[in-house]
Every structure is written in C-alpha cells, then in structure tokens.
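# Per-entry structural report
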Amino acid sequence: MHTATRTTPTTITAMSTDPALLLMQWLSPAYPVGAFAYSHGLEYAVAEAQVGTGEALSDWLRGLLTHGGGQSDAVLLAAAYRAQGQADLTEIDQLARAFCPSAERLRETDLQGAAFCQTTAAIWSDLWDGDLPGLTYPVALGYAARQHDIPLELTLQMYLHAFVSNLIAAGQRLLSLGQLEAQRRLSALAPQISATAATAAAGTLDDLHGACFAADIASMRHETQYSRIFRS
C-alpha cells in the first residue's frame, strides 16, 4: 500500500533575478512592443522580387547584421548601456533617431521603444525612472539592461536574435518559407549574430555606420507601397 505524500508548492521568484530569463521576457513576442507589425523594408523587397527565396532572405538578413540596421542597433544599444547620465543617454537617443534612413524606420524604432519604456517602467519601477521619456528601441533596451546589471554581450546577442527572428517570421508570411526551413535559416545565422554582438560590445559610437542601401531604399519605398500588411 502506498501512502500519498504532499509536496510544498514551489515559490515562484521574480524573473528579474535571472538575466537570461528577464531578457527572454523583454524580447519575447508576448512583450507588448508590437515588433510583429514591422518588416524593416522586407515587404517591399519581396514585392519587387529582390528577395524571393529562403537563400535570398538569409543574404538580406546577413547584410542587415553586418552593414545595416542590425549592426547599427547593436552599436547604439552598447552606447546606451555605457551612457554616463541622462544628458549622455539623450544624445545617444537623438543620434539613433537621426541615423534612421526613412520615416517608417524612425517610426519603427520610436514606437517600439516608447512601448518598451512604458511597459518596463510600470513593472520594474524600483529600477527604472518613471519620468524618463520614450527612447528608441535599442537605446531603451541598452539602458534597461544596465539598470538591471545584465551583461552587455548577452543583451546584444539576444536583441539581435530577436531582431532576426522577427524578420524571419515576416519572411514566412511573405514567402513560401516553411517552418523547418525558417528555423534552419535562423540557426545558420547564429555565428553572424554572435560576431555582430561581439564587435558592438568592443566598439564605440565611432563604429556606427550604415551601408545596406537596398534595405534603406526598400524602407523608403515601402512608405508609398499600395498593398501591404506591415507598418515598415
């Protein structure tokens, strides 16, 4: 005869005690920043047959990580992480806005950043200045990670992984790209994600650059695209 035993309920601790778990929460699709609504110009590139296959999508994303928005976001995130005071942070945020190549790309980073600031300030008010104005998305995340003592390179890697994941998900909606191939494409980009994160962690704002002209032009032309499902 077996005697039933009672177990004591496990105490649930706050996610903020573990840096990786906290970043997973911030960068998950459930965090209300609306990343799913933006394609970063990819929708126009697909419509114009600049990106039509999984291989072309991988090349497009690799370009963003090395010379485009992924690379510049990583540099700005690292700079915000190291910001010395409010004036420094504001200057970095203004630079992030000025560096956007189109109105839609500015809206993309502005609205996601504002939503991130609002949500994070409401949940972790003890470590976040509730009066802080909305910041662009990478600047907001870099600042928040510093306030929570989350390692910079971990933050960079997970931010870039979320950035690429979101665009691969957009590619699945725009292309004949199955789930298995999509995950293979994401896995294959992991070394580039790590390399971009490491370069940004070791760099400064002097390393901020952009040379991904096709993606920048696509984001400009998306503004007047007749039929579209994404906001950028």
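See above for the structure.
Bear in mind the structure is a predicted one, so any value in this text is a computation, not a measurement.

Conventions and cut-offs
- Residues numbered from 1 in each chain as written.
- Predicted model: local features only at pLDDT ≥ 70, side-chain atom pairs only at ≥ 80, totals over all residues.
- Heavy atoms only, no water.
- Helix = DSSP H or I, 4+ residues; strand = E, 2+ residues; numbered from the N terminus.
- Buried < 20%, exposed > 50% of the residue type's maximum accessible area, 1.4 Å probe, protein only.
- Contact = heavy atoms within 4.5 Å.
- Areas by Shrake-Rupley, 256 points an atom, 1.4 Å probe, with all protein chains shown as cover.
- Core = buried A, V, L, I, M, F, W, Y, C linked by side-chain atoms within 4.5 Å.
- Expected span 1.5 Å × (residues − 1).
- Salt bridge = Lys/Arg side-chain N within 4 Å of Asp/Glu carboxyl O.
- Phe/Tyr/Trp six-rings, centres within 6.5 Å; stacked < 30°, edge-to-face > 60°.
- Lys NZ or Arg CZ within 6 Å of the ring centre and 35° of its normal.

## Here's the deal with the overall build of the chain
For the chain, the count of helices and strands is 11 helices and 0 strands. Each helix (α) and strand (β) of the chain, taken in turn from the N terminus, gives the series α-α-α-α-α-α-α-α-α-α-α. Scored against the burial criterion, the 232 residues of the chain give a buried share of 47%. A separation threshold of at least 6 residues defines the contact pool for the chain, and within that pool the share at least 24 residues apart is 79%. Summed over all atoms, the accessible surface of the chain reaches about 11900 Å², with 54% contributed by carbon and sulfur.

## A short note on the nonpolar core
Ranked by size, the top nonpolar core spans 66 residues in total, and within it Trp26, Val51, Trp60, Leu61, Phe116 and Val164 carry the most contacts. Among the elements that line this core, the one with the most residues is helix α8 (residues 152-174), at 10 residues. The residues touching Trp26, leaving out its near neighbours within four places in the chain, are Tyr31, Phe116, Thr120, Trp124, Tyr137, Leu141, Ala144, Ala145, His148 and Ile150.

## A few points about α8
With 23 residues, α8 extends 33 Å from end C-alpha to end C-alpha; this agrees with the ideal 33 Å at 1.5 Å per step. Of the positions making up α8, those classed as buried are Leu152, Thr155, Leu156, Tyr159, Leu160, Ala162, Phe163, Val164, Leu167, Ile168, Ala170 and Gly171.

## Topic: the pattern of salt bridges
What the rule picks out here adds up to 6 salt bridges. One salt bridge connects Glu104 with Arg228, and the closest N-O pair in it is separated by 2.5 Å. In this pair, Glu104 is assigned in helix α6 (residues 103-123) and Arg228 in the segment after α11 (213-222), connecting sequence segments 124 residues apart. Under the relative-accessibility criterion, Glu104 is labelled buried at 2%. Its salt-bridge partner being Glu181, residue Arg185 comes within 3.2 Å of it at the nearest N-O pair. With Arg185 and Glu181 both in helix α9 (residues 179-188) and 4 residues apart, the pair spans about one turn of that helix.

## Re the environment of Leu175
Its location among the elements puts Leu175 in the loop between α8 and α9. Setting aside residues no more than four positions away along its own chain, Leu175 makes contact with Val46, Val51, Gly52, Thr53 and Leu57.

## Remarks on the packing of aromatic side chains
Applying the stated criterion to the full structure yields 5 aromatic pairs. Seen from their ring centres, Trp26 and Trp124 are 5.9 Å apart, and the 85° between their planes marks the pair as edge-to-face. Here Trp26 is found in helix α1 (residues 19-26), whereas its partner Trp124 is found in the loop between α6 and α7 (137-147), with 98 residues between them in sequence. Here Trp26 falls in the buried class, since its relative accessible area comes to 0%. For Trp124, a relative accessible area of 8% corresponds to the buried category. Here the aromatic rings of Phe116 and Tyr137 are separated by 6.1 Å at their centres, their planes lie at 65°, and the arrangement is edge-to-face. Placement of the pair is Phe116 in helix α6 and Tyr137 in helix α7, with a sequence separation of 21 residues. Residue Phe116 is classed as buried on the basis of its relative accessible area of 0%. Here the aromatic cluster, defined as three or more aromatic residues joined through ring pairs, consists of Trp26, Tyr31, Phe116, Trp124, Tyr137 and Tyr159. Sitting over the ring of Tyr81, Arg146 keeps its end group 5.8 Å from the ring centre.

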